[in-house]
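Residues per chain are reported as follows:
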Amino acid sequence: MTRFAESTITFPYKRSLGPVTGAFMTALAEKRILGVRSDAGVLVPPMEWDPATGAELGADLVEVGPAGTVESWTWVPEPTEQHPLDRPFAFAFIRLDGASSPLLHAVDAASPAALSAGMRVAPRWRGRRVGHITDIACFVPGERSEVDGDDVGGPGQPVELMDYTAAVTYSTPVLAMADHALAATREHRLIGLRCPTCERVYVGGDRPYCPVDALELDADAEVDLPNVGTITNFIVVEPVQYPGQTATEPFARVFVLLDGTDVVLTYQPVIDLPVGDIHVGVRVAAVWAPRDAPVDTFSGIGRPMGSLLGWTPSGEPDVNDPDLVNRIY
Ligand SMILES: [Zn+2]
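In the nomenclature of an unreviewed UniProt entry, the protein is known as OB-fold domain-containing protein of Frankia umida.

Student: I'd like a rundown of the domain arrangement of the protein, residues and numbers included.
Tutor: As assigned here, the protein comprises domain 1 (18-159) and domain 2 (170-326). The C-alpha centroid of domain 2 is placed 52 Å from the C-alpha centroid of domain 1.

Student: Describe the coordination of the zinc ion, naming the residues involved and giving the relevant values.
Tutor: Metal coordination angles have textbook ideals: 109.5 degrees for a tetrahedral set of four donors and 90 or 180 degrees for an octahedral set of six. Taken together, the protein ligands of the zinc ion are C195 (SG), C198 (SG), C210 (SG) and D213 (OD), with distances of 1.9 to 2.3 Å. Judged by relative accessible area, C210 falls into the buried class, the value being 0%.

Student: Can you explain the nonpolar core? Please cite residues and give values.
Tutor: Grouped together as the largest cluster of nonpolar side chains are 29 residues, with contacts concentrated most on I33, V44, I94, L96, V107 and F139. For this core, the secondary-structure elements that each account for two or more residues are α1 (18-29), β2 (33-38), β4 (61-64), β5 (68-76), β6 (89-96), β7 (103-107), β8 (120-128) and β9 (136-141). The residues contacting V107, other than those within four sequence positions of it, are F89, A90, A92, I94, L115, V121 and F139. Counting 21 residues, the second largest nonpolar core, distinct from the first, contains L190, I231, L273 and A286.

Student: Hey, could you go over the pattern of salt bridges for me, with residue numbers and the actual values?
Tutor: Going through the model one piece at a time under the given rule, you end up with 20 salt bridges. Across the pair D151 and R129 runs a salt bridge, and its minimum N-O distance is 3.0 Å. Of this pair, D151 sits in strand β10 (residues 146-153) while R129 sits in the loop between β8 and β9, and the two are 22 residues apart along the sequence. Under the relative-accessibility criterion, D151 is labelled partly exposed at 39%. For R129, a relative accessible area of 6% corresponds to the buried category. When the shortest N-O distance is used, the salt bridge between R189 and E187 registers 3.4 Å. Through salt bridges with shared partners, one network takes in D86, R87, D108, R124 and E146.

Analysis parameters
- Residues numbered from 1 in each chain as written.
- Predicted model: local features only at pLDDT ≥ 70, side-chain atom pairs only at ≥ 80, totals over all residues.
- Heavy atoms only, no water.
- Domains from an automatic or database assignment.
- Donors = N, O, S within 2.8 Å, 3.2 Å for Na, K, Ca; no water.
- Buried < 20%, exposed > 50% of the residue type's maximum accessible area, 1.4 Å probe, protein only.
- Core = buried A, V, L, I, M, F, W, Y, C linked by side-chain atoms within 4.5 Å.
- Helix = DSSP H or I, 4+ residues; strand = E, 2+ residues; numbered from the N terminus.
- Contact = heavy atoms within 4.5 Å.
- Salt bridge = Lys/Arg side-chain N within 4 Å of Asp/Glu carboxyl O.

This is the structure in structure tokens:
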């Protein structure tokens, strides 16, 4: 059975809200819902421009709701972590009292049987509010608003910025060859594959093909790669302190050409090699985790490192070969 590795890339940023959305968010923190007057009536949520005509709307804001009427709905039987509720719920178009356009939000109802077009709903506010649409935890059946837990309130000042985290989660199938190469690192072995036709050697863990000869490489092609090599390229990363960044000091990633092969291992960590001392031509040796240490089995983007922790200077003299820098892959 194929193993899948999950990896999530997040892009956190702040966005400025402007005079209309900012006022809407500020009001939410105060348990009020605002719309904006347009030719068509009152739009909720309020916008700066009329979505029908593109005309600029004056910031003529008006309070609506908080209760409203469900116009249509759809049931979500199996919520994911990105949904507003962790139990089955409905997404509904809710026309708040005084509004001309419906607001899309969640309705916390026991079952689809408890929902109908025309039913009345009211907000369940969060106790601690930040000025965000999720200050309304959801809507609940009936005319009366509720507060979830203690009513702690909002920030007490105009909301002008919103934290936004865009995230993409990849689920990548892990090749059997990758798991095999990973397992080999526990025995402090680096596996390679030698093409029987052209004799090129490829690092194990990738798709087992020689791209030159379009030849699938099987177990007979397997060879052990040397544990020593030479740095051909390097990158020094100056960590920007974005949310989630754990590194605080500059660190390096190096490319290592393994002895006697054409194999270049890319973006490898270094150990006991200060950033300022890294240069092309440094001789390095693999550093392994103890054989019984837990191994990182991640294999999403890039090769699994497994028990290979990184590379440390071997103490041999530098290699002076101007062609080394051309060995990137
Ligand atoms: Zn080949």
